[in-house]
Amino acid sequence: MSIIAWILIGLFAGLIAKALTPGKDPGGCLLTMVIGIVGGLLGGWLGKVIFGVDSIDGFFSLSTWIAAIVGSVIVLLVYRLVTGQRSR
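Worth saying up front: this structure is predicted, and the values here are computed from it rather than measured.

### Re the overall build of the chain
And then number 1: Within the chain, the secondary structure is distributed over three helices and zero strands.
And then number 2: In the chain, the order of α-helices and β-strands from amino to carboxyl end is α-α-α.
And then number 3: Classification of the 88 residues of the chain by burial places 34% in the buried group.
And then number 4: Summarising the internal contacts of the chain: among those between residues at least 6 apart in sequence, 78% fall at separations of at least 24.
And then number 5: Summing over all exposed atoms, the chain offers an accessible surface of approximately 5500 Å²; the carbon and sulfur share of this is 74%.

Set out below in structure tokens:
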């Protein structure tokens, strides 16, 4: 799958990740989109590295969306850890 498709998936995955993780986020809609894009790319990369596939199945494949959402949740949690320590 191309980078552009992962960016599009990442936009939606960021919103889903924000809805799945409890707590307040120190960012708005733009930051959520950026986190989703980075998470989607991370999820796609991890899918390639861990499962050894050339690309995830496709844009409408469940495994693609799960990889993007898991990547977005990871990035969101790391972001919360970094910004939480900075504000103290």
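Moving on, there is more to tell.
### Observations regarding the nonpolar core
And then number 1: By size, the foremost hydrophobic cluster in this structure holds eight residues: W6, I9, A13, A17, A67, A68, I69 and V73.
And then number 2: Once residues within four sequence positions are removed from consideration, I69 is found in contact with A13, I16, A17 and L20.

### Observations concerning a nonpolar patch on the surface
And then number 1: Nonpolar side chains collect at one region of the surface, where L62, I66, V70, I74, V78 and V82 lie side by side and expose about 520 Å² of accessible area between them.
And then number 2: Looking at the secondary structure, you find L62 in helix α3 (residues 62–86).
And then number 3: Overall, L62 belongs to the exposed group, its relative accessible area being 64%.

### Considerations on the UniProt feature "transmembrane region" (unreviewed entry) in the chain
And then number 1: Mapped onto the present numbering, the UniProt feature "transmembrane region" (unreviewed entry) falls at residues 29–47 and 59–82.
And then number 2: Strand forms 0% of residues 29–47 and helix 100%; the C-alpha atoms that close the span are 26 Å apart.

Conventions adopted
Residues numbered from 1 in each chain as written. Predicted model: local features only at pLDDT ≥ 70, side-chain atom pairs only at ≥ 80, totals over all residues. Heavy atoms only, no water. Helix = DSSP H or I, 4+ residues; strand = E, 2+ residues; numbered from the N terminus. Buried < 20%, exposed > 50% of the residue type's maximum accessible area, 1.4 Å probe, protein only. Contact = heavy atoms within 4.5 Å. Areas by Shrake-Rupley, 256 points an atom, 1.4 Å probe, with all protein chains shown as cover. Core = buried A, V, L, I, M, F, W, Y, C linked by side-chain atoms within 4.5 Å. Patch = residues over 30% accessible without salt bridge, like charges linked within 9 Å, V, L, I, M, F, W, Y side chains within 5 Å. Salt bridge = Lys/Arg side-chain N within 4 Å of Asp/Glu carboxyl O. UniProt positions renumbered as here; feature names shortened; annotations may be inferred.

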